[in-house]
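Coordinates in review
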Amino acid sequence: MCSLSTRLVQCLEHARLEEEYLAARDRLRNLSRLRTLSRQDERRLADAVAMAIARIKEHIAAHGCER
Ligand SMILES: [Zn+2]
């Protein structure tokens, strides 16, 4: 038997990395909308988003758990 819920928790690490990515992306979006970011901060947050994406890709390559 294969239920949807077991598919969702198939890879907890992947889900965690995705959450990290979404959180970083939202932070960048929200802060840039407020226009209170310095160039340095914007760069730092953009880097965090890029790194989160890189970690997900690395994880998929190492783990083969693409959803
Ligand atoms: Zn995985």
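The text that follows walks through the structure, step by step, so that each part is easy to find. (Residues numbered from 1 in each chain as written. Predicted model: local features only at pLDDT ≥ 70, side-chain atom pairs only at ≥ 80, totals over all residues.)

1. Considering the overall build of the protein
From N to C terminus, the protein includes 3 helices and 0 strands. Tracing the protein from N to C terminus, the helices and strands come up as α-α-α. Counting only residues that meet the buried cut, the protein has 0% of its 67 residues in that class. Once local pairs closer than 6 in sequence are excluded, the contacts in the protein between residues at least 24 apart make up 70%. (Helix = DSSP H or I, 4+ residues; strand = E, 2+ residues; numbered from the N terminus. Buried ≥ 20, exposed ≤ 12 C-beta atoms within 10 Å, placed from the backbone. Contact = placed C-beta atoms within 7 Å.)

2. Some details on the environment of Arg 16
Structurally, Arg 16 is set in helix 2 (residues 12-34). Between the C-alpha atom of Arg 16 and that of Ile 56, which follows or precedes it by 40 residues, the distance is 9.4 Å.

3. Some words on the packing of helix 2 against helix 3 (residues 39-63)
At their nearest, the axes of helix 2 and helix 3 sit 9 Å apart, and the two run at 160 degrees to each other. By the angle between their axes, helix 2 is roughly antiparallel relative to helix 3. You can see that helix 2 and helix 3 cross each other, and the crossing is left-handed. Here helix 2 contributes Glu 13, His 14, Leu 17, Glu 18, Glu 20, Tyr 21, Ala 24, Arg 25, Arg 27, Leu 28, Leu 31 and Ser 32 to the contact with helix 3, which in turn contributes Glu 42, Leu 45, Ala 46, Ala 48, Val 49, Ala 52, Ile 53, Arg 55, Ile 56 and His 59. Split into classes, the residues belonging to the contact of helix 2 with helix 3 amount to 12 nonpolar, 3 polar and 7 charged. (Axes fitted to C-alpha atoms, helices over the stretch in contact; angles between N-to-C directions. Parallel < 35°, antiparallel > 145°, perpendicular 65-115°, else oblique. Left-handed = near helix turned anticlockwise from the far one by under 90°. Nonpolar A, V, L, I, M, F, W, Y, C, P; charged D, E, K, R; others polar.)

4. A word on helix 3
In an α-helix, one turn spans 3.6 residues; hence positions three or four apart end up facing the same way. Between its terminal C-alpha atoms helix 3 stretches 36 Å, which fits the 36 Å expected from 25 residues at 1.5 Å a residue. One or two residues past the end of helix 3 sits Gly 64, with phi positive at roughly 65 degrees. (Expected span 1.5 Å × (residues − 1).)

In short, geometric facts, not functional conclusions.
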